[in-house]
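The primary structure of each chain is shown beneath.
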Amino acid sequence: MNSYYLKITKLLFGAALVFSYSSCQKDTTMQNDLDVISPQLQSILSLGFSKDKIVDYENFYLVEGCYIFYKDGTEVPNGGMGADNSNNGKKSQIFRNFGTKVTLANANVRIFVANSIPISGVDNWRPALDNAVAQYNALTNLYLNLQVVSSASLADIIIQSDEVINSSLRDDVYAAADFPLGNGKPGRNMYINLDWNSNQTISEAAKTHILVHELGHTLGLGHTDLALASPYQQIPGTPPPSTGDLYSVMNSSYNVLFGWLGFSNYDIIALQYVYGKKINVSIDGPRKASNSGSYTWTAVSSGGITPYTYKWYRQYGSVTTWEGPISTQSSYTSTMPINNNLQLKLVSTDATGITDSTTILVLNGPGRPILQ
Ligand SMILES: [Zn+2]
């Protein structure tokens, strides 16, 4: 399917199914995150529910583990167009709260699939999970590594059938997942609706997409087609709401006919912004020298994980290739090449293998003719 057809198809089907997420639990143990008292929340509280029994989700409040109150005050009809079709894709990549992202210490994210997910047949989502994990791990230069583990005790994320919760997910909901709770770890729970849409079979490609989306929630990514509201924060470098990103994996509307669409470019920018490895290196030292004396240039690195390692290269005269590494120290001391300018290149690598490089030109003077 070419991309144009795919786009048209997605436009046609984009809102055919509601991709919404709820996690209905008998015992609400999730962190209460009601930092904004909206009119809807106020009305729920006025009904007499206790605030500590209300959990804030992106488009609804979950009350006493089972009652869903949509923030826009509407019910989403089963199997119908619940989302605002005109807004599909017309929002930005958003993060639940930058303060609750997975920390570096927890960057190795371990996922366990519980035995409520069958180990064979169409309800076995494990092969699709392997694919979803591989999709994340194929993104380069992220401080994230996803891994499937064989024991719940080793896991950060537990994937279960929605049948284990007090009231299973609605028929039109594929799956549900928690956001990070602020303890530096990913969201704890993911529930899969094994009999979605009256037990319609979901392709492996679509399962992969759904799992990548849900894992996005556990990493803190919000829906790209929801209005920006606290605690959501737009991720810099992603398009403004007026432009949006229809092809984000974090759109809330998704049709299983699409299969696995891949991360959009802005999804990758978003993940790089939140979890990207970044280091920056520059060279401190003279930019002008002469034939006599020796000079020292020093590496200045920031970001990434220390310790850094260094490789210095040089080039001068008629040679146009880099000589070196001429040093692996954090500074380089040398005389100037006689009657030649000197180019220096420095490559800095952090402890995780992320590199940055820079070059400078050192002019050899005075003693050379002045331009007239
Ligand atoms: Zn979602």
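Residues numbered from 1 in each chain as written. Predicted model: local features only at pLDDT ≥ 70, side-chain atom pairs only at ≥ 80, totals over all residues.

S.K.: If you had to explain the sheet that holds strand β16 (residues 331-335) to someone new, which residues and values would you point to?
M.R.: The antiparallel open sheet is built from 3 strands, whose spatial order is β11-β13-β16. Only two strands of the sheet have a single neighbouring strand rather than two, namely β11 (279-284) and β16. Averaged over all adjacent pairs, the angle separating strand axes in this sheet is 20°, with direction ignored. (Pairing = 2+ DSSP bridges. Helix = DSSP H or I, 4+ residues; strand = E, 2+ residues; numbered from the N terminus. Axes fitted to C-alpha atoms, helices over the stretch in contact; angles between N-to-C directions.)

S.K.: Would you mind going over the environment of I269 in detail, with residue names and values included?
M.R.: Residue position: I269 is located in helix α6 (residues 265-275). A tally of 19 C-beta atoms within 10 Å means that I269 is categorised as partly exposed. A sequence separation of 176 residues divides I269 from Q93, and the C-alpha atoms of the two residues are 9.1 Å apart. Residues within four places of I269 in sequence aside, it is in contact with G237 and T238. (Buried ≥ 20, exposed ≤ 12 C-beta atoms within 10 Å, placed from the backbone. Contact = placed C-beta atoms within 7 Å.)

S.K.: Provide a residue-level description of helix α3 (residues 126-137), including the pertinent values.
M.R.: Spanning 12 residues, α3 covers 16 Å between terminal C-alpha atoms, matching the ideal 16 Å at 1.5 Å per step. Taken together, the buried residues of α3 touch β5 (108-113), β6 (145-148) and α5 (204-218). (Expected span 1.5 Å × (residues − 1).)

S.K.: Could you give me a rundown of the sheet that holds strand β14 (residues 309-316), with the residues and numbers involved?
M.R.: Across the sheet, 5 strands lie side by side as β12-β18-β17-β14-β15; this open sheet has mixed pairing. Two strands bound the open sheet, and with one partner strand each, they are β12 (288-289) and β15 (323-327). Pairing of β14 with strand β17 (residues 342-349) involves 8 bridges; the strand directions are antiparallel. Counted as the bridge partner of Y316 is L342 from β17.

S.K.: Kindly report on the packing of α3 against α5, identifying the contributing residues and their values.
M.R.: At a closest axis distance of 8 Å, the pairing of α3 and α5 adopts a crossing angle of 55°. Between α3 and α5, the angle is such that the two are oblique. α5 is crossed by α3, and the crossing has right-handed handedness. In contact with P127, A128, L129, N131, A132, Q135 and Y136 of α3, α5 contributes E204, K207, T208, L211, V212 and L215. (Parallel < 35°, antiparallel > 145°, perpendicular 65-115°, else oblique. Left-handed = near helix turned anticlockwise from the far one by under 90°.)

S.K.: So what's going on with the pairing of strand β13 (residues 294-303)? Which residues, and what values?
M.R.: Here β11 runs beside β13; their pairing, made up of 6 bridges, is antiparallel. Bridge pairing in β13 links N280 to S302. Pairing geometry for β13 and β16, over 5 bridges, is antiparallel. Note on β16: the bridge partner recorded for W297 is Y332.

S.K.: A description of unusual backbone geometry should follow, citing residues and the corresponding values.
M.R.: Residue P307 is reached from T306 by a cis peptide bond, and omega for that bond is 5°. Within the fold, P307 resides in the loop between β13 and β14. At the junction of G324 and P325, the peptide bond is cis and its omega measures out at 10° in the coordinates. One can find P325 in strand β15. Positioned with a positive phi, N199 is a non-glycine residue whose angle comes to about 70°.

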